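# A structural walkthrough
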Amino acid sequence: MLEYAKKWQIDLGMFKVIGGDQTSVNSGHNGGAFRELEVMLKRTLQRSFCLLHQVELPLRKLFLFYGGSFTAPGTFGGPIGELIMSDNLPKVTKFKKISCDFPRLSEEVLEKMSNDSVLMYKYCVAVDTGKPYLFNKAKNKIDRFVNNKIGPCSTARWITLGTRILRVYMSSESYNSHIQETSERLATFIVSVYYKVFANIKRKHRLTDAAIHIYDQIKFARDVCQPEEKKVVFQSIQQNAYMANPESVILAMIADKDKNVRERGVSIIQTVRASEAFDKYIEVQSGVKRPKRIRKFIVPKLNFNCKGYTNMIINKFEEVKGPGTIPTSDGVSVPLRPPKRLMFMTKLDTYEPVTVPPLVEDLSPEDLERIKQHPFQCNIPCHSQAVEHTVALVTKSTKQYRTEKTQLAAVLSTAAARKEFKGKISHKRFKLAKDKDV
């Protein structure tokens, strides 16, 4: 990445945020790619791990908990796994609705989603209402989406897995009691937790909303999961709660609509800055220059009984070591009261210092005072779908063109064309002509 930036004369000082999947290759706090990039740049970057991938992981664990398995890449095993692989499911019968205050998405949001995501949304609304159809107000007709073909199963396409589970649940009266119970528990989790958080991410997709989505996931799971399910789901959330790091929580606080929450967020930034300024002062007084420390981005220990996202992580204050007195210009020593350092507990049961989010570390004291009156604005997404689409486009261009310049031109022109013509061209306009018309 650095070589590419230097080759195309991209200012490295512009790098503020780095995002991607939360695999250990990227997220490792010792040798991960993001960590290594920060060490090379000698400064920290704001992390943005894809929440759309994070919300899938508890569903994966719960699927395995209820007897599902992965027999081969793209195939599922076990009683429930073999059933959802089938394309010949019984007709939809009368099923019990699972009321969960499921959010309704606007047409504008749905237009930006994939066909698989929209189909699953329709299934979730159907399970929430108990009706296997939707009324399309725009077209003034009933949408019997249960007749639509569901996409193929894959370990990389959890949207289609969830849709197929809901389809099985809607015809579960045709199966034995074990399948009925399993499909109902999985459907309850999908509608009440998984896709509910997924829909909220689609509605509020900014980086400042990331910590709130993690809290919602905890809250929804706490409300509907059974005790044995909570152990599985909470363990998965704890293991992958990168966006519950204090930096993400602080960003959410200073962007909150509640003025009191924003003031608390600003107060935390000021406290962290005070302890960092004190460390620099001690360094100057002692004459010993310490190497700049690049913080380690570690998943925090979560409080699953919290009442809000601001109390989601465990904090404590630690005394900052320093001299007991400080000399004045008159040669008189006066007592020195060092500030307290704010620490947070990591998932490793160790404590690390809370750091200011890199995205706002350059804000002046005046800017922080303005945040108390007006929420912090940020248009950076909390998911990496756009990056994945671009990666697919780049991969395709490398197979078609030889030089980097032509590959880059192809990517840019294709992306611009997609943006310009999105929603204006339909496949219906390109139907093949009938034989008699040829």
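Residues numbered from 1 in each chain as written. Predicted model: local features only at pLDDT ≥ 70, side-chain atom pairs only at ≥ 80, totals over all residues. Heavy atoms only, no water.

### Considerations on the packing of helix 10 (residues 177-203) against helix 11 (residues 210-224)
Packing of helix 10 against helix 11 leaves a shortest axis separation of 10 Å and a crossing angle of 160 degrees. Overall, the two elements helix 10 and helix 11 adopt an arrangement that is roughly antiparallel. Judged by the sense of rotation from one axis to the other, the crossing of helix 10 with helix 11 is right-handed. Packed against helix 10, whose contacting residues are Arg185, Thr188, Ser192, Val193, Lys196, Val197, Asn200 and Ile201, the element helix 11 presents His213, Asp216, Gln217, Phe220, Ala221 and Val224 at the interface. Class assignment of the residues belonging to the contact of helix 10 with helix 11 gives a composition of 6 nonpolar, 5 polar and 3 charged. (Axes fitted to C-alpha atoms, helices over the stretch in contact; angles between N-to-C directions. Helix = DSSP H or I, 4+ residues; strand = E, 2+ residues; numbered from the N terminus. Parallel < 35°, antiparallel > 145°, perpendicular 65-115°, else oblique. Left-handed = near helix turned anticlockwise from the far one by under 90°. Contact = heavy atoms within 4.5 Å. Nonpolar A, V, L, I, M, F, W, Y, C, P; charged D, E, K, R; others polar.)

### Observations regarding the side chain of Thr44
For Thr44, the location among the structural elements is in the loop between helix 3 (33-41) and strand 2 (46-49). In this structure Thr44 touches Glu38, Ile294, Arg295, Pro358 and Glu361, once residues within four positions along its chain are discounted.

### Brief notes about the confidence of the model for the protein
When pLDDT is averaged across the protein, the result is 84; 87% of the residues are at 70 or more. Least confident of the elements in the protein is strand 9 (residues 333-335), whose mean pLDDT is 51; most confident is helix 13 (residues 246-254), at 96. Residue range residues 427-438 is modelled with pLDDT below 50. Its contacts to residues more than four positions away, or to other chains, number 3 contacts. (pLDDT = per-residue confidence, 0-100.)

### So, the packing of aromatic side chains
Throughout the structure, instances matching the rule amount to 14 aromatic pairs. It is Lys196 that lies over the ring of Phe220; its NZ or CZ is 4.4 Å from the centre. (Phe/Tyr/Trp six-rings, centres within 6.5 Å; stacked < 30°, edge-to-face > 60°. Lys NZ or Arg CZ within 6 Å of the ring centre and 35° of its normal.)

### Some thoughts on the nonpolar core
Core analysis: the biggest nonpolar cluster contains 110 residues, and Ile84, Tyr194, Tyr195, Leu302, Tyr309 and Met312 have the highest contact counts within it. With sequence-adjacent residues up to four places away left out, Tyr194 is seen in contact with Val55, Glu56, Leu59, Met120, Trp158, Ile159 and Phe189. (Core = buried A, V, L, I, M, F, W, Y, C linked by side-chain atoms within 4.5 Å. Buried < 20%, exposed > 50% of the residue type's maximum accessible area, 1.4 Å probe, protein only.)

### Topic: the environment of Asp209
Note that Asp209 resides in the loop between helix 10 and helix 11. On the accessibility criterion, Asp209 (16% relative accessible area) is buried. Placed 34 residues apart in sequence, Asp209 and Met243 show a C-alpha to C-alpha distance of 9.6 Å.

### Description of the side chain of Arg164
Along the chain, Arg164 turns up in helix 9 (residues 158-169). Within the structure, Arg164 has its side chain in polar contact with the backbone oxygen of Gly151 (distance 3.1 Å). Ignoring any residue separated from it by four or fewer positions in sequence, one finds Arg164 in contact with Ile84, Met85, Ser86, Asp87, Ile150, Gly151, Pro152 and Cys153. (Polar contact = N/O pair within 3.5 Å; in protein donor to acceptor, adjacent residues only side chain to side chain.)

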